[in-house]
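Spelled out from the first residue to the last, the chains are:
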Amino acid sequence: MASVTYNHVYKRFDDVAAVNNMSIEIEDKEFLVLVGPSGSGKTTALRLLAGLEEISEGQILIGDRVVNDVAPKDRDIAMVFQSYALYPHMSVYDNMAFGLKLRKTPKDEIEKRVKNAAEILRIEELLDRKPRQLSGGQRQRVAVGRAIVREPSVFLFDEPLSNLDAKLRVQTRAEITKLHQQLATTFVYVTHDQVEAMTMATRIAVIRRGLMQQVDSPQTLYDHPMNVFVAGFIGSPAMNFFDAKVDRSNGQLIIDSEVFNAVVPEAKASRYQEYVGKQVVFGIRPEDIHDPSFTPSDVQTSLVEAKVDVTELMGSEIFLHLEAKGKAFVGRVDPRTSMRAGNDVQVAFNMENIHLFEREGDQASIM
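Residues numbered from 1 in each chain as written. Predicted model: local features only at pLDDT ≥ 70, side-chain atom pairs only at ≥ 80, totals over all residues. Heavy atoms only, no water.

Draft legend 1. Highlighting the overall build of the protein chain. Secondary structure assignment for the protein chain yields 9 helices and 20 strands. Its C-alpha atoms put the protein chain at 80 × 45 × 35 Å along the principal axes. For the protein chain, the exposed surface amounts to about 17,700 Å²; the carbon and sulfur share of it is 45%. In the protein chain, 43 positive and 51 negative side-chain charges are present, and the distance between their average locations comes to 7 Å. (Helix = DSSP H or I, 4+ residues; strand = E, 2+ residues; numbered from the N terminus. Areas by Shrake-Rupley, 256 points an atom, 1.4 Å probe, with all protein chains shown as cover. Lys, Arg positive; Asp, Glu negative; His and termini not counted. Charge placed at Lys NZ, Arg CZ, Asp CG, Glu CD.)

This is how it looks when you write it as structure tokens:
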């Protein structure tokens, strides 16, 4: 088992910094997810750790050992790729055993490890089959099994679920989470899917254009995003944003936008006092926009006039695609709502869960 440390790591391709001054300590046995949009540098960061790309500047440590110049095969890591990369002419058993055979591992040890991995992944009955006889989910489990038999200090996963259908993706991410608990090993996992990140990680590192934006637990990222990018990336559907101004009226703090005017709850007002008269970005999550008929009784709300453009019935909830004075936003409401497409409605903003961000610069959160 081992920790992983990125110490001021850069990776440059010509004049472009794909990884820009990345510093993070990943604890032993932690499940860290690197998440960000396509082109953010998350896969490059993983490949640097695996030794598949050369570091331009900085250091990467596995445990206490600097591995900048260590060959990939000697880093004590195992990687699961987006592509299953199974040998089509070999059986499942031989695919899983192949790396151990190259290392001249004794035959009885190979058999023990392969059977143990197959038992963990529940693929014992597949060991004699060829990859063409397997489903996508079964192939992915074989690829994971090939990594398990290595018994590495660190597991690396590069978007391993992207080739699976939606139902299988949900099932497999639960299996990978359970696998982490069973193996008690360090996992570093790359994905662009924030739902995967939220459901699997002990900590999430959000990356944008090679720069680390925020590293924290899933719940902290959701509750206390440090800037507009993190706030908009974490959560599904994404947070709604409105250009607004902080004002004061009749002794109360007001959020004044073209779409609505809303009173800030007393408990939050003190932290926003210094922004009176300033332009800000107002953020509210879809789940904090309610049908007034089904609003929790213990929250302070503000009513906003809007028109329903589209409704999406999800079973346990309904997504309302709303429009007010040319501004589109989304509410996530109780399925008992009578609101339908074309209706002029009032929706209730839960003002106790609002977020304010600076308008300029990095659009940092106003905590």
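Draft legend 2. Region of interest: the nonpolar core. By size, the foremost hydrophobic cluster in this structure holds 47 residues, and its most contacted members are Met 96, Val 114, Phe 157, Ile 176, Tyr 189 and Val 206. With near-sequence residues (within four places) excluded, Val 206 lies in contact with Val 35, Leu 211, Met 212, Gln 213, Gln 214, Leu 221, Phe 229, Val 230 and Ile 234. Core analysis: the second largest hydrophobic core is formed by 33 residues, Ile 255, Val 264, Val 308 and Phe 349 among them. (Core = buried A, V, L, I, M, F, W, Y, C linked by side-chain atoms within 4.5 Å. Buried < 20%, exposed > 50% of the residue type's maximum accessible area, 1.4 Å probe, protein only. Contact = heavy atoms within 4.5 Å.)

Draft legend 3. Up close: helix α2 (residues 92-102). Residues of α2 that are buried: Val 92, Tyr 93, Asn 95, Met 96, Ala 97, Gly 99 and Leu 100. Elements that come into contact with the buried residues of α2 comprise α3 (107-121) and α4 (136-148).

Draft legend 4. A look at the packing of α2 against α4. Closest axis-to-axis distance for the α2/α4 pair is 8 Å, and the angle between their directions is 30°. Regarding α2 and α4, the two cross each other, and that crossing is right-handed. Every residue of α4 that contacts α2 at Val 92, Asn 95 and Met 96 is listed here: Val 142, Gly 145 and Arg 146. Of the residues that constitute the contact of α2 with α4, the class distribution is 3 nonpolar, 2 polar and 1 charged. (Axes fitted to C-alpha atoms, helices over the stretch in contact; angles between N-to-C directions. Left-handed = near helix turned anticlockwise from the far one by under 90°. Nonpolar A, V, L, I, M, F, W, Y, C, P; charged D, E, K, R; others polar.)

Draft legend 5. Region of the structure containing the packing of aromatic side chains. With the rule as written, the count across this model stands at 17 aromatic pairs. Between Phe 155 and Phe 187, the aromatic rings sit 5.1 Å apart at their centres with planes inclined by 50°, giving tilted as the arrangement. Placement of the pair is Phe 155 in strand β7 (residues 154-158) and Phe 187 in strand β8 (residues 186-191), with a sequence separation of 32 residues. Phe 187 carries the same exposure label as Phe 155, and that label is buried. Among the aromatic residues, those joined into a ring-pair cluster are Phe 31, Phe 155, Phe 157, Phe 187 and Tyr 189. Lys 11 extends its terminal NZ or CZ atom over the ring of Phe 13, reaching a point 5.0 Å from the ring centre. (Phe/Tyr/Trp six-rings, centres within 6.5 Å; stacked < 30°, edge-to-face > 60°. Lys NZ or Arg CZ within 6 Å of the ring centre and 35° of its normal.)

Draft legend 6. Seen up close, the sheet that holds strand β11 (residues 240-249). Strand order in the open sheet formed by 5 strands is β13-β12-β11-β14-β20, and the pairing between neighbours is antiparallel. Both edges of this open sheet fall to β13 (261-263) and β20 (355-358), since each of them pairs with a single strand only. Adjacent strand axes in the sheet meet at a mean angle of 40°, parallel and antiparallel pairs treated alike. As paired elements, strand β12 (residues 252-257) and β13 share 3 bridges and run antiparallel to each other. Bridging across to β13, Asp 256 finds its partner in Asn 261. (Pairing = 2+ DSSP bridges.)

Draft legend 7. The environment of Glu 258, seen in detail. Examined against the element boundaries, Glu 258 turns out to sit in the loop between β12 and β13. A C-alpha to C-alpha distance of 7.4 Å links Glu 258 and Lys 325, two positions 67 residues apart in sequence.

Draft legend 8. Layout of the packing of α2 against α3. At a minimum axis separation of 10 Å, α2 and α3 run at an interaxial angle of 135°. In this view, α2 runs oblique relative to α3, as classed from their interaxial angle. The handedness of the crossing between α2 and α3 comes out as right-handed. Note on element contacts: α3 touches α2 through Ile 110, Glu 111, Arg 113, Val 114, Ala 117 and Ala 118, opposite Tyr 93, Met 96, Ala 97, Leu 100 and Lys 101. A per-class count over the contact of α2 with α3 returns 8 nonpolar, no polar and 3 charged. (Parallel < 35°, antiparallel > 145°, perpendicular 65-115°, else oblique.)

Draft legend 9. How the structure looks around the sheet that holds strand β19 (residues 344-350). An order of β15-β19-β16-β17-β18 is seen for the 5 strands of this open sheet, with the pairing classed as antiparallel. Strand pairing shows two members of the sheet lacking a second neighbour, β15 (289-290) and β18 (327-333), which therefore form its edges. Two strands pair when backbone bridges link them, and strand β16 (residues 301-313) and β19 are joined in this way by 7 bridges, in the antiparallel orientation. Bridging from a neighbouring strand, Val 304 pairs with Val 347 of β19.

Draft legend 10. Fine view of the pairing of strand β17 (residues 318-324). The buried fraction of β17 amounts to 5 of the 7 residues, a majority that puts the element mostly inside the structure. Taken together, the 6 bridges between β16 and β17 define a ladder with antiparallel strand orientation. Directly across from Leu 313, in β17, lies its bridge partner Ile 318. Following β16, the chain reverses through 4 residues before pairing antiparallel with β17; Gly 315 in that reversal takes a positive phi of roughly 95°.

Draft legend 11. Inspection of unusual backbone geometry at higher detail. The peptide bond linking Ser 236 to Pro 237 adopts the cis configuration, its omega dihedral lying at -5°. Mapped onto the fold, Pro 237 is located in the loop between α8 (228-233) and β11. Residue Asp 14 is not a glycine yet carries a positive backbone phi of 60°. Along the chain, Asp 14 turns up in the loop between β1 (4-13) and β2 (16-26). Given the relative accessible area of 76%, Asp 14 is considered exposed.

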